[in-house]
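Here's the letter readout for the chains.
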Amino acid sequence: MNILETERLILRLQTTDDAPFILELVNDPSWIQFIGDRGVKTVEEAARYIENGAIRMYEQFGFCLYVVEKTEDQTPIGICGFVKRDNLEDVDIGFAFLPDYWGKGYAYEAASAVLAYGLETLGFNRIVAITTQDNHASAKLLERIGLQFEKVIQFSNDSEELRLFSLDDES
């Protein structure tokens, strides 16, 4: 099911048919460096990851991380959407793209559309995002779409410090 369309992109719900793409994405070295190893090593594990992640989140909250496809050929290039984490009070915008699609404006286009969707359609008053301390590209994108650095947080005593960005809706 398509959720959003932009000039070049379609954002749609994940299905278990996306398992080969998700397997590739979550095992990309940049995903592992900046997001973490999810232990997804087979197509079957990727299908379970989708079922327990995006599908369950959409059923529970009405939003999730959507597959981002190029409109021209429906090639999946990344994910972008919202996550509700147990350890964050607010909804978290997130994104990840395969390296072949970096530097082409796709992440900005998708994240801008998702942010507007969250504020205008889903009615969020506050949206946050987290990045690792060394993920400068994601931080730059978050600032470009209107989020501002708020503070450094730590989820638990043994976890790394993360940068928290936020946007408060003025309307």
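Please refer to the structure placed before this passage.
Below is a short write-up of the structure. The structure presented is a predicted model; accordingly, all values stated were derived computationally and were not measured.

1. Considering the environment of Phe-82
Next, step 1: Inspection of the secondary structure assignment puts Phe-82 in strand 4 (residues 76-83).
Next, step 2: Separated by 59 residues in sequence, Phe-82 and Leu-23 place their C-alpha atoms 20 Å apart.

2. Some remarks on the sheet that holds strand 8 (residues 162-168)
Next, step 1: Spatial ordering of the open sheet is given by 1-2-3-4-5-6-8-7, a layout of eight strands whose pairing is mixed. Every interior strand has two partners, whereas the edge strands, strand 1 (2-5) and strand 7 (148-153), have only one. Direction aside, neighbouring strands of the sheet carry axes that sit 30° apart on average.
Next, step 2: Direction of pairing for strand 1 relative to strand 2 (residues 9-12): antiparallel, over a ladder of three bridges. Across the sheet, the residue bridging to Glu-5 is Ile-10, located in strand 2.
Next, step 3: Sheet contacts for helix 5 (residues 136-144): strand 5 (91-97), strand 6 (126-132) and strand 8; angle to strand 8, the most-contacted strand, approximately 10°.

3. Here's the deal with helix 1 (residues 19-26)
Next, step 1: Within helix 1, six of the eight residues are buried, which leaves the element mostly enclosed by the surrounding structure.
Next, step 2: What helix 1 keeps buried is the set Ala-19, Phe-21, Ile-22, Leu-23, Leu-25 and Val-26.

4. Things to note about the packing of aromatic side chains
Here a ring pair, both rings aromatic, is described through the centre-centre distance and the interplanar angle of the planes.
Next, step 1: Enumeration over the complete set of coordinates arrives at six aromatic pairs.
Next, step 2: Both rings, one in Phe-61 and one in Phe-63, keep their centres 5.7 Å apart while their planes meet at 25°; by these two values the pair is stacked.
Next, step 3: The class for Phe-61 is partly exposed, based on a relative accessible area of 37%.
Next, step 4: Residue Phe-63 is classed as buried on the basis of its relative accessible area of 5%.
Next, step 5: Of the aromatic side chains, those joined through ring pairs into one cluster are Phe-61, Phe-63, Phe-82 and Phe-124.

5. A look at the pairing of strand 6
Next, step 1: In terms of residue burial, strand 6 counts as a mostly covered element, since six of its seven residues are buried.
Next, step 2: Viewed along the sheet, the connection from strand 5 through helix 4 (residues 106-120) into strand 6 turns out right-handed.
Next, step 3: The pairing of strand 6 with strand 8 spans seven bridges and is antiparallel. What sits directly across from Thr-132, in strand 8, is Leu-162.

Analysis parameters
Residues numbered from 1 in each chain as written. Predicted model: local features only at pLDDT ≥ 70, side-chain atom pairs only at ≥ 80, totals over all residues. Heavy atoms only, no water. Helix = DSSP H or I, 4+ residues; strand = E, 2+ residues; numbered from the N terminus. Pairing = 2+ DSSP bridges. Axes fitted to C-alpha atoms, helices over the stretch in contact; angles between N-to-C directions. Contact = heavy atoms within 4.5 Å. Buried < 20%, exposed > 50% of the residue type's maximum accessible area, 1.4 Å probe, protein only. Phe/Tyr/Trp six-rings, centres within 6.5 Å; stacked < 30°, edge-to-face > 60°. Right-handed = clockwise from strand over helix to strand, strands pointing away.

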